[in-house]
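Tertiary structure, described
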Amino acid sequence: MGIESSLGDGYFTTKVDALTNWARSNAAWPMPMGLACCAIEMMAFAGPKYDAARFGSEVMRFSPRQSDVMIVAGWVNYKMAHAIRRIWDQMPDPKWCIAMGACASTGGMHRCYGVVQGCDNFLPVDAYVSGCPPRPDALLHALMKIQDKIRTEHSVMLDT
Amino acid sequence: MDLELSDTLKNVVDGLSDQFSDSFIEVYQSTGDTFIRVEADAVVDICRYLKSTHHFIYLTDLFGTDRFTSEERFEVVYHLISLRDRERFFLKVLLPEEDPQLESVSDIWKSASWMEREVYDMFGVHFNNHPDFRRIFMPEDYDYHPMRKEFPLLGIPGSIELPSTTPDTE
């Protein structure tokens, strides 16, 4: 028995935009780009205590083809930047990006020749999370900001 | 300064000043460690002697420093341990600013291979007779040696390539 039996007869109107955004925003599967200690907090974010499943983001996809939100967790050196950009390019549109922590956002304490001073030098970042490392709550907050962003987007456009 | 040398290190110092009297420069102690400074051109013979005669079979570390002095600017330090005698000391050589080069010790201790590559990568000290001499961290076509004091903290802008942000158009 499905939900139809309790709904009875009737109909429901909405916009395709709203429906698409509702679905997208509640199934933002992360691409965990764990590069340093922030990745430990990212695991806590996915684990039972902070429970990203409440927001539909519990499915850490280690495959770029199946993910929507890339979480860059940790400092990015120039060598790794090419791998990250490649994975980002392999993710299907629409996609979003979270720069988690001081290092991914600005280079943080790694103020040196080998570390990219912020992953926004080569990625379009949607949300920056401060902290070193940020608490899992802060990452959840960033995820909720991404959800807000998805919900206000015009997701369906006529292809004229 | 009075030296407080253990029997093993006393043997090392006596042996070096006896057999390599031309290359042995000084021995000193600081913060509980012993440092022996020798001439750069004899370093391979001295290392081989230390390993075979004094059982310093373990090269823990090999690193460079940039002293940023006008003379003998670079320094290469060999950190040696004798597991049998439970002793350690540091062997040091000084190198000039222009064209610093040394003989490789990687046929004595295999662990020296990567560490010498690191010293080359960071300071530009050349090691002759190295089995696989190239950079170890920085890109192979990189023009600089980043641990030199005159190198800017944030690097040379644009010297390392960032990925293209418009991959479809290249």
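Residues numbered from 1 in each chain as written. Chains lettered and ligands numbered in written order. Predicted model: local features only at pLDDT ≥ 70, side-chain atom pairs only at ≥ 80, totals over all residues.

The name given to chain A in an unreviewed UniProt entry is NADH-quinone oxidoreductase subunit B, with the source organism recorded as Fodinibius salicampi. UniProt lists a comment for chain A under the heading Subcellular location (unreviewed entry), and it reads "Cell membrane". Entered under Sequence similarities (unreviewed entry) in the UniProt record, the comment concerning chain A runs "Belongs to the complex I 20 kDa subunit family." (UniProt positions renumbered as here; feature names shortened; annotations may be inferred.)

The next subject is the UniProt feature "binding site: [4Fe-4S] cluster" (unreviewed entry) in chain A. Residues and elements named next belong to chain A. UniProt records the feature "binding site: [4Fe-4S] cluster" (unreviewed entry) for Cys37, Cys38, Cys103 and Cys132 in the present numbering. The greatest C-alpha distance among the annotated residues, which extend across 96 residues, is 10.3 Å, indicating that they converge on a single site. With respect to the element layout, cysteine 37 can be found in the loop between strand 1 (30-34) and helix 3 (38-46). Here cysteine 37 falls in the partly exposed class, since 15 other C-beta atoms lie within 10 Å of it. Leaving out residues up to four positions away in the same chain, cysteine 37 has contacts with Gly74 and Pro133. Secondary-structure assignment places cysteine 132 in the loop between strand 4 (127-129) and helix 6 (136-151). For cysteine 132, a count of 11 C-beta atoms within 10 Å corresponds to the exposed category. When sequence neighbours within four positions are dropped, the list of residues in contact with cysteine 132 reads Gly101, Ala102 and Gly108. (Helix = DSSP H or I, 4+ residues; strand = E, 2+ residues; numbered from the N terminus. Buried ≥ 20, exposed ≤ 12 C-beta atoms within 10 Å, placed from the backbone. Contact = placed C-beta atoms within 7 Å.)

Turning next to the pairing of strand 1 of chain A. Residue and element names in this part refer to chain A. Judged by how many residues are buried, strand 1 sits mostly within the fold: four of five residues are covered. Two strands pair when backbone bridges link them, and strand 1 and strand 2 (residues 69-73) are joined in this way by five bridges, in the parallel orientation. Within the sheet, the bridge partner assigned to methionine 31 lies in strand 2 and is methionine 70. (Pairing = 2+ DSSP bridges.)

Next up on the list: the confidence of the model for chain B. Per-residue confidence for chain B gives a mean pLDDT of 90; residues scoring 70 or more make up 97%. Interface confidence for the predicted complex, expressed as ipTM, amounts to 0.74; the pTM equals 0.81. (pLDDT = per-residue confidence, 0-100.)

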